[in-house]
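Close look at the chain arrangement
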Amino acid sequence: MGYGNLVVSSSPHIRSEETVQRIMIDVIIALLPATAASVYFFGMRALAITLTGIIAAVAAEAAIQKIRNKPVTINDGSAVITGLLLALTLSPAMPLWMVAVGAVVAIGIGKQVYGGLGSNPFNPALVGRAFLVVTFPVHMTTWVSPVDGVTSATPLGLLKMEGIKTGYMELFIGNVGGSLGETSALLLILGGLYLLYRGIIDWRIPAFYLGTVAVMTMVLGGDPIFHLFSGGLMLGAFFMATDMVTTPVTKMGKIIFGVGAGILVVIIRLYGGYPEGVLFSILLMNTFTPIIEKYTRPKIYGEVKR
Amino acid sequence: MPMNLLTFKGGVHPPQNKHRTEGMPLNKAKVPGLIVIPLQQHIGAPCEPIVNVGEEVKLGQKIGEPKGFVSAPVHSSVSGKVAAIEKRVHPGGGMVMSVVIESDGLDTIDESIKPQGKLEDLTADQIKNIMRQAGLVGMGGATFPAQVKFSPPPDKKIDTIILNGAECEPYLTSDHRLMVEKSEDVVNGIKAMMKAVNVDKGYIAIEENKPDAIKAVTQAAKGEENIKVVTLRAKYPQGAEKQLIKACTGREVPSGGLPMDSGVIVNNVGTAAALACAIETGMPLVERIVTITGSGIKEPQNLLVRIGTPFADVIEQCGGLEENIGKIIQGGPMMGIAQYTIEVPVIKGTSGILILKEEDLGLTPELPCIKCGKCVDACPIGLMPTKLDGFASKGMRREAEEYNAVDCIECGSCSFVCPAKRPLVERIRLIKADILAERRKAKQA
Ligand code: SF4
Ligand code: SF4
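Residues numbered from 1 in each chain as written. Chains lettered and ligands numbered in written order. Predicted model: local features only at pLDDT ≥ 70, side-chain atom pairs only at ≥ 80, totals over all residues. Heavy atoms only, no water.

**So, the overall build of chain A**
When helices and strands are tallied, chain A shows 14 helices and two strands. Restricting the contact set of chain A to residue pairs at least 6 apart, pairs at least 24 apart contribute 74%. Total accessible area computed for chain A in this model is approximately 12,800 Å², and 70% of it derives from carbon and sulfur atoms. (Helix = DSSP H or I, 4+ residues; strand = E, 2+ residues; numbered from the N terminus. Contact = heavy atoms within 4.5 Å. Areas by Shrake-Rupley, 256 points an atom, 1.4 Å probe, with all protein chains shown as cover.)

Pasting the structure below:
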């Protein structure tokens, strides 16, 4: 009667519709407004950098997987995100070949050496950026103003080096010097809210990350609003500190991660020699992820005290 | 209005898919010519056959005698002649000794079947004896012999009975219809159960998505001061024993323990109704409600089916199968068992026959874990399925044990939510079995 091909796999027999690919696509959608804004503020240069980052990341992923004789998984969308995120952290003045190098490093050293998606301890885009900061320090700290296109410092740099504070409204809208994606807090928050709404990210990391920065800056006599909306904090809080692979899976762990990263940002920004601390705050906390997970195991039902 | 919904931590919201059958009144299924009654339809020791090939049997006659304390007798669900006693495929998997009976179509009732008297006149021991004699088992699918639950060791003080009317498995509506149409039986059943262990606290717990059942049962329980009908949030696995106990009483069954360790006995509403029927008429468990549903069946229904009716006969009565059948499942989609043939019979634990088309199965290849944490949030026990999956894949038994693998209730919530489509519960089940086997060995040594 044609029952020959009944599937007899084990339960559950239904699966949710959520897939890795859907998650990645949602993240890309969430980044689009900020990406579009960077093109609006910085022109075609921004578009070229973004495309270079994405293409280089995807190509690197495919090439490495081919060479190592592994299935090519560029369809999952994760390499696109890595390339896009990296691009958004770069200066519009960055030479394109450097962007490509950063993307290749992000995928190669940040991800594939560990075995690919899911196995990397550090956020690949940040690994790429860290490499560029160390290798091309001048290019990584040369910013241009979106208003007149001439070299200018970032709001954080202005504050740190010259004690000049940029206005709140400019920070919020994004009309300031800085990397492609970190300028418009408004659009980054919008993207973050979309991810929260879609259940892709957990509110705990961004909330505790941003909250810690605000509270700590205030306690130390800084200006919390300025620090929240400047630099890569919003981009980091919603799109990098929430990277699933490199942050704790437990709820309590997410809180600790957020608080820890927040403390690090403030320390680096206020006391470090470097105006921005988001990059290293997240990379440093990534190293603690396994340990945080270990000590924040959820309480199990009916736990018997031993 | 939905205030005070009781629930638990974790869980998932699979699409319910109950709409096709939840409003359909119960129908009696046709009695087939050939009935196959497995001598084991419960957790515990199988029965010994007490009839011979060629012998005449009557409806309700005991044909299998339990061996051992944890066991339950089986009865003929028709009158007719024993055609064979042989191994047959069993919906629980494998081959099980079964009594095959050719029905004579007369349904002549066995002489032993007679009303057992009024509940007021029965003692606790008499009620427990009726449970045993009627072959009652947990009808939600667990099929644990009922009277064993009601015979706790003297040091376990039972103070609460919970009837499980959650029916949190998607698709299934058999308990739903039972509560709507036989609410009196459900209430009489819990009264008998409360009397059997002398407790004065009874809960009938129903998920919010069955307002008509809540209404009917509340109506039937009117005036019963000791019985509380409580509304649960519709969430899977709300009907799992431990989650139900937590929701109703706030208590947690200690890890590694049984419900009775927290003073509670949980039973399915179907078991309660079957007990009420066994007291009222003396008829043992020879019939049950089965939901036949899913995208792969032409006319879904809730049928009253004689135990031993092959799936094939039931399916035929529901208009037959659609094209491109992917899976035939006994029970619900979350915890049911996939079948490789429709020769298997309906048994005491068959709450549903779910037939899914190939395209519903969502069979996609497994991807690496992206550590999204969704499985951790979904686990109703508070386990970390992603970690356990890693340990199980690498055969790291010690670590899996450290991470409480044995506490897994195998609800499948983790596998359901996983965006990487990893077979989490499947692997956890295996390593759990490994750990338990090792513990048994250690005990014996
Ligand atoms: S680990 Fe076990 S108890 Fe937890 S969700 Fe998975 S199957 Fe259910
Ligand atoms: S749900 Fe799947 S992908 Fe997410 S953490 Fe669990 S195992 Fe990993």
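After presenting the structure, the write-up continues.
**Here we look at unusual backbone geometry**
Put simply, A:Ser11 and A:Pro12 share a cis peptide bond, and its omega is -5°. Mapped onto the fold, A:Pro12 is located in the segment before helix H1 (20–42). The peptide bond linking B:Tyr236 to B:Pro237 adopts the cis configuration, its omega dihedral lying at -5°. Despite not being glycine, B:Asp107 shows a phi value in the positive range, around 55°. In this fold, B:Asp107 is placed in the loop between strand S8 (95–103) and helix H1 (124–133). The exposure class assigned to B:Asp107 is partly exposed, which follows from its relative accessible area of 25%. With a phi close to 55°, B:Lys421 is a non-glycine residue in the positive phi region. With respect to the secondary-structure elements, B:Lys421 resides in the loop between helix H12 (413–417) and helix H13 (424–444). According to the relative accessible area criterion, B:Lys421 is buried, its value standing at 8%. (Buried < 20%, exposed > 50% of the residue type's maximum accessible area, 1.4 Å probe, protein only.)

**Things to note about the site of ligand 1**
Residues and elements named next belong to chain B. As a structural note, the neighbourhood of ligand 1 is formed by 14 residues, with Cys-379, Cys-408, Cys-411, Gly-412 and Cys-414 the closest of them. Contributing elements (two or more residues each) for the shell around ligand 1: H12 and H13. Per-class residue counts for the shell around ligand 1 are 11 nonpolar, two polar and one charged. (Near = heavy atom within 4 Å. Nonpolar A, V, L, I, M, F, W, Y, C, P; charged D, E, K, R; others polar.)

**Overview of the side chain of A:Ser11**
Secondary-structure assignment places A:Ser11 in the segment before H1. A distance of 3.1 Å separates polar atoms of two side chains, one belonging to A:Ser11 and the other to B:Arg429. Those residues in contact with A:Ser11 that sit more than four places away from it in its chain are B:Met334, B:Met335, B:Gly336, B:Val425 and B:Arg429. (Polar contact = N/O pair within 3.5 Å; in protein donor to acceptor, adjacent residues only side chain to side chain.)

**Brief notes about the pattern of salt bridges**
Residue and element names in this part refer to chain B. Enumeration according to the criterion identifies 30 salt bridges over all chains in this entry. We note a salt bridge from Glu-86 to Arg-88, for which the minimum N-O separation is 2.8 Å. We note a salt bridge from Asp-389 to Arg-422, for which the minimum N-O separation is 2.7 Å. A residue pair is termed long-range when its members are at least 10 positions apart, and Asp-389 in helix H10 (residues 385–393) and Arg-422 in the loop between H12 and H13 qualify at 33 residues. Take Asp-389: its relative accessible area is 2%, and that puts it in the buried class. Among the ionic contacts, a cluster of salt bridges with common partners joins Arg-397, Arg-398, Glu-401, Glu-438 and Arg-439. (Salt bridge = Lys/Arg side-chain N within 4 Å of Asp/Glu carboxyl O.)

**Describing the nonpolar core**
Membership of the largest hydrophobic core comes to 111 residues, with the highest contact counts inside it found for A:Tyr209 and A:Phe239. Among the elements that take part in this core, H1(A) stands out by supplying 11 residues, more than any other. When residues of this core are assigned to domains, at least three fall in each of domain 2 (119–281) and domain 3 (374–444) of chain B. Once you skip the residues sitting within four places of it in the chain, A:Phe239 turns out to touch A:Val27, A:Ala30, A:Leu31, A:Leu85, A:Leu188, A:Gly191, A:Gly192, A:Leu195 and A:Met234. Core analysis: the second largest hydrophobic core is formed by 45 residues, B:Leu122, B:Ala146, B:Ile214 and B:Ala274 among them. (Core = buried A, V, L, I, M, F, W, Y, C linked by side-chain atoms within 4.5 Å. Domains from an automatic or database assignment.)

**Topic: a nonpolar patch on the surface**
Residues and elements named next belong to chain A. On the surface, a cluster of nonpolar side chains totalling about 580 Å² of accessible area is made up of Val-215, Val-219, Leu-220, Ile-263, Ile-267 and Tyr-271. Mapped onto the nonpolar patch, the elements with two or more residues apiece are helix H10 (204–219) and helix H13 (251–271). With respect to the helices and strands, the residue Val-219 is situated in helix H10. (Patch = residues over 30% accessible without salt bridge, like charges linked within 9 Å, V, L, I, M, F, W, Y side chains within 5 Å.)

**Some points on the interface of chain A and chain B**
Each side of the interface is counted separately: chain A has 39 residues, and chain B has 66 residues. For the pair chain A and chain B, the summed buried surface comes to about 4,400 Å²; carbon and sulfur atoms form 58% of the total. At the boundary of chain A with chain B, the tally comes to five salt bridges. Its salt-bridge partner being B:Lys374, residue A:Glu18 comes within 3.7 Å of it at the nearest N-O pair. In this structure, the connection of chain A to chain B is made through 24 residue pairs in polar contact (both at pLDDT 80 or more). Only H1, H13 and helix H14 (278–295) of chain A provide two or more residues apiece to the side of chain A that touches chain B. Each residue belonging to the side of chain A that touches chain B can be placed in one class, and the counts come to 17 nonpolar, 11 polar and 11 charged. (Buried area = accessible area lost by both parts, 1.4 Å probe.)

**With respect to the packing of aromatic side chains**
Enumeration according to the criterion identifies four aromatic pairs over all chains in this entry. Positioned above the aromatic ring of B:Tyr403, the side-chain terminus of A:Arg297 is 3.8 Å from the ring centre. Positioned above the aromatic ring of B:Phe8 is the side chain of B:Lys235, whose terminal nitrogen or guanidinium carbon lies 4.5 Å from the ring centre. (Phe/Tyr/Trp six-rings, centres within 6.5 Å; stacked < 30°, edge-to-face > 60°. Lys NZ or Arg CZ within 6 Å of the ring centre and 35° of its normal.)

**So, the environment of A:Leu283**
Checked against the element boundaries, A:Leu283 lands in helix H14. Residue classification places A:Leu283 among the buried residues on the basis of a relative accessible area of 11%.

**Remarks on the domain arrangement of chain B**
For chain B, the assigned domains are domain 1 (31–113 + 284–360), domain 2 (119–281) and domain 3 (374–444). Taking only C-alpha atoms, the centre of domain 1 of chain B and the centre of domain 3 of chain B are 32 Å apart.

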